[in-house]
Amino acid sequence: MINKIWFWLQNSRIFSLPMTLLSWLVIFVYSLKFGGNIVNGCLALIGIACGQLATNLFDDYVDYKKLADNVQKCKCAYIKEGKATLEDVLKVVILYCAIAFVIGFVLFLRTGFPVVGLALIGGIVVLMYSRLSQIGLSEVAVGITFGPLLFEGVYYVMTQKFSFEVLFLSLAVVMFTIGLMYVHTVLDFEGDMCSHKKTLVCRIGNKDVAINGVWVVYGLGYLFTLIFVFLTQNFYCLATFVLVPLIYVMHKSLKSFVSGGEVKDFYFRLLKARNLMVYFSLIITVCLVLKI
């Protein structure tokens, strides 16, 4: 049973959960400053994590039928190798969604009606993510879900309030999450083009131009950070600028990537983007603690 659970967690891309955990940690710590409810915050984390894993797995369910020959070797490998069927994938997606629904219902009972609206928006994004990614809106979906929806949602269930400052904090952090998704689509560029998947990178149409787009993504992250600093007068958050050299290193590594190569080369670059999000969130969290 443990091996089976681990099998599905791996294929649900559990390695991406740090972006959920750390995004949650940022707003969790910020909410504590205003007397936030710890139990509600922890329940929200479980529901959000299940929603993310469901989205990742459902994306495989939809994408499998459209895989091109030169797609990354790791893409849907567990299905191609016969270790699971599409029916199995769908059952696990439903299980994840069921857990998220139960958590949402409990939070509704504890905090009130706004949770229903937040949960509905999150559920719609989960179901539509694969379609949105095919028309170049995956970054928008991620921006909404892991930005204002996650941050304002957690802040609400913990404090029963919404906040303008939280909005800009969410936008600052989510741009680093979007950076991870954007880098992923850059690495998948050739395969996505062959399968006619209209990601933002595919719509740009030129891989070199798309690679330079990482500066725009992370630049926006720092712009929203500066706005948050201005609103809250928390100048500790300026410490996040120490990560700029790591963005340069990642940008350089993307230029040397060859599609269809070894899986380790793919993940080597993808994890650079993930680590940037991890480091940014940890630094922001420490800065918020210093202001409590």
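Anyway, here's the lowdown on the structure attached to this text.

What counts, and where the lines are drawn
- Residues numbered from 1 in each chain as written.
- Predicted model: local features only at pLDDT ≥ 70, side-chain atom pairs only at ≥ 80, totals over all residues.
- Heavy atoms only, no water.
- Helix = DSSP H or I, 4+ residues; strand = E, 2+ residues; numbered from the N terminus.
- Buried < 20%, exposed > 50% of the residue type's maximum accessible area, 1.4 Å probe, protein only.
- Contact = heavy atoms within 4.5 Å.
- Areas by Shrake-Rupley, 256 points an atom, 1.4 Å probe, with all protein chains shown as cover.
- Expected span 1.5 Å × (residues − 1).
- Arc of directions from axis to C-beta.
- Phe/Tyr/Trp six-rings, centres within 6.5 Å; stacked < 30°, edge-to-face > 60°.
- Core = buried A, V, L, I, M, F, W, Y, C linked by side-chain atoms within 4.5 Å.
- Axes fitted to C-alpha atoms, helices over the stretch in contact; angles between N-to-C directions.
- Parallel < 35°, antiparallel > 145°, perpendicular 65-115°, else oblique.
- Left-handed = near helix turned anticlockwise from the far one by under 90°.
- Nonpolar A, V, L, I, M, F, W, Y, C, P; charged D, E, K, R; others polar.

**Regarding the overall build of the protein chain**
Within the protein chain, the regular secondary structure consists of 13 helices and 0 strands. Counting from the amino terminus, helix and strand elements in the protein chain follow one another as α-α-α-α-α-α-α-α-α-α-α-α-α. Looking at the protein chain as a whole, 51% of its 292 residues are labelled buried. Expressed as a percentage of contacts within the protein chain between residues at least 6 apart in sequence, the contacts between residues at least 24 apart total 76%. Counting only carbon and sulfur atoms, one obtains 71% of the accessible surface of the protein chain, whose full area is about 13,500 Å².

**Remarks on the environment of Ile211**
Locating Ile211 in the fold gives a position in helix H11 (residues 207–232). Separated by 40 residues in the primary sequence, Ile211 and His251 have C-alpha atoms spaced 6.8 Å apart. If sequence neighbours within four positions are ignored, Ile211 has contacts with Val186, His251, Leu254 and Lys255.

**Some points on helix H12 (residues 244–255)**
Spanning 12 residues, H12 covers 17 Å between terminal C-alpha atoms, matching the ideal 16 Å at 1.5 Å per step. Burial in H12 covers these residues: Ile247, Met250, His251, Ser253 and Leu254. Take H12 and look down its axis: the buried residues cluster within an arc of 165 degrees, on one side only.

**Some words on the packing of aromatic side chains**
Think of a pair of aromatic rings as described by two things: how far the centres are apart, and how the planes are tilted against each other in angle. A full pass over the atoms with the stated rule returns 14 aromatic pairs. With a centroid separation of 4.5 Å and 25 degrees between ring planes, the pair formed by Trp24 and Phe28 is classed as stacked. Taken as a pair, Trp24 and Phe28 lie in helix H2 (residues 17–32) at a separation of 4 residues, close to a single helical turn. Each member of the pair, Trp24 as well as Phe28, carries the same accessibility label: buried. Judged by centre distance (3.9 Å) and plane angle (15 degrees), the rings of Phe176 and Phe280 are stacked. Of this pair, Phe176 sits in helix H8 (residues 164–187) while Phe280 sits in helix H13 (residues 263–291), placing them 104 residues apart in sequence.

**Looking at the nonpolar core**
Core analysis: the largest hydrophobic core is formed by 70 residues, its most contacted members being Ile27, Tyr30, Phe151, Leu169, Tyr218, Phe280 and Leu288. No other element matches H8, which puts 16 residues into this core. Core analysis: the second largest hydrophobic core is formed by 14 residues, Ala49, Ile79, Val93 and Tyr96 among them.

**Side note on the side chain of Asn234**
By the element assignment, Asn234 lies in the loop between H11 and H12. In this structure Asn234 comes out as buried when scored by relative accessible area, which is 2%. In contact with Asn234, not counting residues within four places along its chain, are Val229, Cys287, Leu288 and Lys291.

**Points about the environment of Glu139**
Assignment of secondary structure puts Glu139 in helix H7 (residues 138–159). The exposure class assigned to Glu139 is buried, which follows from its relative accessible area of 7%. Between the C-alpha atoms of Glu139 and Met175, which are 36 residues apart in sequence, the distance is 9.2 Å. Once residues lying within four places of it in the same chain are set aside, the contact partners of Glu139 are Ile178, Met181, Tyr182, Thr185 and Leu200.

**Looking at H11**
In an α-helix, one full turn covers 3.6 residues, which means residues spaced three or four apart are oriented alike. Spanning 26 residues, H11 covers 38 Å between terminal C-alpha atoms, matching the ideal 38 Å at 1.5 Å per step. Downstream of H11 by a residue or two, Gln233 has a phi angle that is positive, lying close to 60 degrees.

**Quick notes on unusual backbone geometry**
Even without a glycine there, the phi angle at Gln160 is positive, about 60 degrees. Tracing the sequence through the fold places Gln160 in the loop between H7 and H8. Phi angles above zero are rare outside glycine, and Gln233 is one such case at about 60 degrees. With respect to the secondary-structure elements, Gln233 resides in the loop between H11 and H12.

**Digging into the packing of H2 against H8**
Packing of H2 against H8 leaves a shortest axis separation of 11 Å and a crossing angle of 165 degrees. If you check the angle between H2 and H8, you find them roughly antiparallel. Handedness of the H2/H8 crossing: right-handed. Facing Met19, Ser23, Val26, Ile27 and Tyr30 of H2, the residues of H8 in contact are Glu165, Val166, Leu169, Val173, Thr177, Leu180 and Met181. Its residues assigned to classes, the contact of H2 with H8 comprises 9 nonpolar, 2 polar and 1 charged.

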